[in-house]
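As a plain string of letters, each chain reads:
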Amino acid sequence: MSAVIFHRILESPVGPLAIAASDAGVHALEFHAPRHAVARDARWREGGHPLLDAIATQLDDYFAGTRHLFDLPLAPEGTDFQRTVWHALATIPYGETISYAQLAARIGKPSAVRAVGAANGRNPIPIVLPCHRVIGADGSLTGFGGGLPTKRFLLALEGALPQDSTPADLFG
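Just so it is clear, the structure is predicted and the values come from calculations on it, not from any experiment.

## Notes on the pairing of strand β2 (residues 17-22)
Right, on to step 1. Across the 6 residues of β2, 6 count as buried, placing the element largely inside the fold.
Right, on to step 2. The two faces of β2 match: Leu17, Ile19 and Ala21 on one face and Ala18, Ala20 and Ser22 on the other face are all buried.
Right, on to step 3. In terms of strand pairing, strand β1 (residues 5-10) meets β2 through 5 bridges, oriented antiparallel. Within the sheet, the bridge partner assigned to arginine 8 lies in β2 and is isoleucine 19.
Right, on to step 4. The hairpin turn running from β1 into β2, its antiparallel successor, is 6 residues long, and glycine 15 in that turn takes a positive phi close to 100 degrees.
Right, on to step 5. Note: β2 against strand β3 (residues 25-30), 5 bridges, orientation antiparallel. Bridged to serine 22 within β3 is glycine 25.
Right, on to step 6. Linking β2 back to β3 in an antiparallel pair, the connection comprises 2 residues.

Shown next as structure tokens:
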């Protein structure tokens, strides 16, 4: 039998986040109204798990500005290509951004910009796997599963937006 995946809601500065984990690792972190919800199946149960506590603590630290790297076992479910893209997201340093083309080149698939964008949009563990750090080639803040105000907030929190933008200015 497959491991049970426990989930709960965590309040955050960007609204409620659904977090899910099992003994295998963190499976999901979802914004309130995700564009691409993580598929739930019979393994999912509401409840507690030590990794849920760990992710909650690390997210609190991140939002307080004291954590720049997450230290959690991850268990995102997706295709091999998606997992390759998600692994590459983890290499984007805190406070920096890259374009979709740069991300495609980073995984050795420079002509797969659209596919990289699609995989980025299906990232089941945003913030921890920082898809918000991927922007348009012209520097524009393109689509984001948590909405552009949330993307702007996260980038401002990390100091990746112009100095005149602070998280408080951008998100309630």
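On we go.
## What about the nonpolar core?
One recurring pattern in soluble globular proteins is that nonpolar side chains are buried together.
Right, on to step 1. The biggest cluster of nonpolar side chains holds 40 residues, and the ones touching the most others in it are Leu29, Leu59, Phe63 and Ile127.
Right, on to step 2. Mapped onto this core, the elements with two or more residues apiece are β2, β3, α1 (50-63), α2 (80-89), α3 (100-106), α4 (113-121) and α5 (148-157).
Right, on to step 3. In terms of residues, this core owes the most to one element, α1, which gives 7 residues.
Right, on to step 4. A domain split of this core shows at least three residues from each of domain 1 (5-64) and domain 2 (80-158).

## With respect to α4
Right, on to step 1. Those residues of α4 lying buried are Val116, Ala119 and Asn120. The arc that holds every buried residue of α4, seen down its axis, measures 100 degrees, which confines them to one face.
Right, on to step 2. Of the surrounding secondary structure, the elements contacted by the buried residues of α4 are α2, α3 and β6 (134-135).

## Here's the deal with the side chain of glutamate 30
Right, on to step 1. If you trace the backbone, glutamate 30 turns up in strand β3.
Right, on to step 2. A polar atom in the side chain of glutamate 30 sits 2.4 Å from the backbone nitrogen of valine 38.
Right, on to step 3. Separated by 2.7 Å, the side chains of glutamate 30 and arginine 40 make a polar contact.
Right, on to step 4. If near-sequence neighbours (up to four positions away) are discounted, glutamate 30 is found in contact with Pro16, Leu17, Ala18, His36, Ala37, Val38 and Arg40.

## Re the UniProt feature "active site" (unreviewed entry) in the protein chain
Right, on to step 1. UniProt marks Cys131 with the feature "active site" (unreviewed entry), using the numbering shown here.
Right, on to step 2. Inspection of the secondary structure puts cysteine 131 in the loop between α4 and β6.
Right, on to step 3. For cysteine 131, a relative accessible area of 6% corresponds to the buried category.
Right, on to step 4. For cysteine 131, the contacting residues outside a window of four places in its chain are Leu89, Asn120, Asn123, Pro126, Phe144 and Lys151.

Cut-offs used in this document
Residues numbered from 1 in each chain as written. Predicted model: local features only at pLDDT ≥ 70, side-chain atom pairs only at ≥ 80, totals over all residues. Heavy atoms only, no water. Buried < 20%, exposed > 50% of the residue type's maximum accessible area, 1.4 Å probe, protein only. Helix = DSSP H or I, 4+ residues; strand = E, 2+ residues; numbered from the N terminus. Pairing = 2+ DSSP bridges. Core = buried A, V, L, I, M, F, W, Y, C linked by side-chain atoms within 4.5 Å. Domains from an automatic or database assignment. Arc of directions from axis to C-beta. Contact = heavy atoms within 4.5 Å. Polar contact = N/O pair within 3.5 Å; in protein donor to acceptor, adjacent residues only side chain to side chain. UniProt positions renumbered as here; feature names shortened; annotations may be inferred.

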